[in-house]
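Understanding the architecture of this molecule
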Amino acid sequence: MFDPADMVFAIPDDDLTYYSPLPETADCLSCGLCLHTCPTFTLFASQEETPRSRVRTLRKILFDKQSISATEREHLDNCLQCRACETVCPSKMSYAAQFDQAQAQLAQPPSLFAKLALTLIAHKTWRSRLMPSLAFYLRSGLQQPIRRSGLLKKLGLAEAEALLTNPVLKPLATHYPSTRRKLGQVALFTGCITEHFDRASLHAAIQLLNAIGYDVIIPLSQGCCGAIHQHNGFNATALIKNNIAIFNALNVDAVVFTTTGCGAMLSEYEIEDTSAADKFKQRLQDILDFLLEHWPDDFTLKPLAEKIAIHEPCSQRNVLKNQQTVYALLAKIPALEVIPLADNALCCGAAGTYQLTHPENAQQLCKLKQQVIKTAGVTQVISSNYACAAFLNTEHNSVTHPLQILAQQL
Ligand code: SF4
Ligand code: SF4
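Predicted model, so just to flag it, every value in this text is computed and none were measured. (Residues numbered from 1 in each chain as written. Chains lettered and ligands numbered in written order. Predicted model: local features only at pLDDT ≥ 70, side-chain atom pairs only at ≥ 80, totals over all residues. Heavy atoms only, no water.)

**Regarding the domain arrangement of the protein chain**
Annotation of the protein chain at the domain level lists domain 1 (4-106), domain 2 (112-162), domain 3 (175-294) and domain 4 (307-408). Between domain 3 and domain 4, the C-alpha centre-to-centre distance is 22 Å. Listed as interface residues are 27 residues of domain 3 and, on the opposing side, 21 residues of domain 4. Between domain 3 and domain 4, roughly 1,900 Å² of surface is buried when both sides are summed, and carbon and sulfur atoms account for 68% of that area. Considering only the surface of domain 3 that becomes buried against domain 4, T260, L288 and L292 emerge as the three largest contributors, covering 32% of it. (Domains from an automatic or database assignment. Contact = heavy atoms within 4.5 Å. Buried area = accessible area lost by both parts, 1.4 Å probe.)

As structure tokens, this is what we get:
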């Protein structure tokens, strides 16, 4: 069980020993193939804002054990960790893993707000206690006067506050039985933020799994995947160990996740007990892959005469590499026309907490994506990652999880 007392805000050296051996940054051929995949090179067209240049900085930190300049740090921090560079690198550079290790070495003690946010993300009970106050703030009419007062900007909370939607307060049940002849049971990973802010996708997941013959088990003591901690240089070990222990103890056919950002982290879990980590990863599946694999031959959906576009999150394209499953599943809805967004290879700017730490860069990338959405001529956009969907959702275009469209056509 996760104990907040275990949460240390830096990765001790011992914890780094069981990370997979990484190709050395010296293996970089300086070929430049990664340049045009990189969103910061797209924004700044500068050599310092390329993966190749960041690999040199990573080498300094991790292997030469040298200090880096403030400018090098700034260019490193501008990275969105989208991992597009990894997909084209002939040296198979494990860019993200090296980035995480460097961040762990560079991490400063977090500010009071960052510490509070990391603790709330990690600790379910504290989060659940905060949610009623958040719901009151959103429903009370206080939001507009507080925004106008400029207080949120002064506290550095304006970007985070702008993303808030009404949280769902009621806890999920622990067991949802199949609504047709039972074929098996799966455990559902519910995440930290999505549990309160994307309950519609979780409900859709449960409905679909029940409808194809699977009971859904939701272990209460599961926790955050740890991605936000790890990618910002803080220790996620307690969170990782907790999830591995909780899910490995269940007698289920699979452990499924609904949001690809969490799924990417879960799929790369590593702890010193490698057999426990392997057992967890062997049963882990994107819910979309699970649904496609177990879809009954006689199971049909209602038609939907619409044209929609697919946004392919970086975590799906560059880590899970299963974006074709979304198209295959949505093809089960008769009359639905599905197209990819034109620039799916380019990150939308959300990138986990990047939208909060680098709002200007994130907004520039978001604008590029919004232009593409505008010209696509579709009724809605589909994204399998909650962070991207929440970031791209505007009053002009709705961005929904594919599970919601599928469940609505049951
Ligand atoms: S992870 Fe993304 S932003 Fe970072 S260097 Fe690679 S392509 Fe660029
Ligand atoms: S693609 Fe790989 S080998 Fe080539 S410059 Fe980029 S990081 Fe180096």
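**Side note on the site of ligand 1**
The full set of residues close to ligand 1 is C38, P39, P51, R54, C79, L80, Q81, C82, R83, C85 and Y95. Here the residues of the shell around ligand 1 sort into eight nonpolar, one polar and two charged. (Near = heavy atom within 4 Å. Nonpolar A, V, L, I, M, F, W, Y, C, P; charged D, E, K, R; others polar.)

**Quick notes on the site of ligand 2**
Lining the immediate environment of ligand 2, one finds C28, L29, S30, C31, G32, C34, R52, C89 and P90. A breakdown of the residues in the shell around ligand 2 according to their chemical character gives six nonpolar, two polar and one charged.

**Topic: the pairing of strand 2 (residues 184-189)**
Counting buried positions along strand 2 yields five of six residues, so the element is predominantly enclosed. Pairing of strand 2 with strand 4 (residues 254-257) involves four bridges; the strand directions are parallel. Pairing of L188 across the sheet is with V256, part of strand 4. (Buried < 20%, exposed > 50% of the residue type's maximum accessible area, 1.4 Å probe, protein only. Helix = DSSP H or I, 4+ residues; strand = E, 2+ residues; numbered from the N terminus. Pairing = 2+ DSSP bridges.)

**Quick word on the sheet that holds strand 8 (residues 380-383)**
Across the sheet, four strands lie side by side as 7-6-8-9; this open sheet has parallel pairing. Lying at the two open borders of the sheet, with one neighbouring strand each, are strand 7 (337-340) and strand 9 (399-400). Here two bridges tie strand 8 to strand 9, and the two strands are oriented parallel to one another. Residue pairing across strands places I382 opposite T400, the latter belonging to strand 9.

**Describing the state of the cysteines**
Taken as a whole and assessed by the stated rule, the structure comprises zero disulfides. Summary of cysteine pairing: C347 is not part of a disulfide, and the nearest cysteine sulfur, belonging to C314, is at 3.9 Å. (Disulfide = S-S within 2.5 Å.)

**Quick word on the nonpolar core**
The biggest cluster of nonpolar side chains holds 38 residues, and the ones touching the most others in it are L209, L291 and L330. The dominant element in this core, judged by the number of residues it contributes, is helix 13 (residues 199-211), at seven residues. Two domains each put at least three residues into this core: domain 3 (175-294) and domain 4 (307-408). In contact with L291, not counting residues within four places along its chain, are L208, L209, I212, L329 and L403. Counting residues in hydrophobic clusters, the runner-up holds 25 residues, among them C314, C348, L365 and L392. (Core = buried A, V, L, I, M, F, W, Y, C linked by side-chain atoms within 4.5 Å.)

**Thoughts on the packing of aromatic side chains**
Taken as a whole, this structure holds six aromatic pairs when the rule is applied. A centroid spacing of 5.2 Å and a plane angle of 70 degrees characterise the contact between W295 and F299, whose relative ring orientation is edge-to-face. Note on F299: relative accessible area 15%, which makes it buried. Members of the aromatic cluster, each reached through a chain of ring pairs, are F189, F247, Y269 and F280. (Phe/Tyr/Trp six-rings, centres within 6.5 Å; stacked < 30°, edge-to-face > 60°.)

**Some words on the pattern of salt bridges**
Tallied over the full model, the rule gives twelve salt bridges. Residue E72 is joined to K60 by a salt bridge in which the shortest nitrogen-to-oxygen separation is 2.9 Å. Taken together, the residues span a long stretch of sequence, with E72 in helix 4 (residues 70-77) and K60 in helix 3 (residues 51-62) at a distance of twelve residues. Given a relative accessible area of 21%, E72 falls into the partly exposed group. Judged by relative accessible area, which is 23%, K60 ranks as partly exposed. Through salt bridges with shared partners, a single network forms among R83, E86 and E268. (Salt bridge = Lys/Arg side-chain N within 4 Å of Asp/Glu carboxyl O.)

**Remarks on the sheet that holds strand 4**
Taking strand neighbours across the sheet as the criterion, the five strands line up as 1-3-2-4-5 in an open arrangement whose pairing is mixed. The sheet is open, and its two edges are formed by strand 1 (175-176) and strand 5 (284-286), each paired on a single side. Bridge count for strand 4 against strand 5 is three bridges, and the pairing is parallel. Across the sheet, residue V255 finds its bridge partner in strand 5, namely L284.

**Points about the packing of helix 13 against helix 18 (residues 287-294)**
Two numbers describe how helix 13 lies on helix 18: the axes approach to 11 Å, and their chain directions differ by 20 degrees. Relative to helix 18, the element helix 13 is oriented roughly parallel. In this structure, helix 13 crosses over helix 18, and the sense of that crossing is left-handed. Between helix 13 and helix 18, the residues in contact are A205, L208 and L209 and I287, F290 and L291, respectively. Its residues placed into classes, the contact of helix 13 with helix 18 shows six nonpolar, no polar and no charged. (Axes fitted to C-alpha atoms, helices over the stretch in contact; angles between N-to-C directions. Parallel < 35°, antiparallel > 145°, perpendicular 65-115°, else oblique. Left-handed = near helix turned anticlockwise from the far one by under 90°.)

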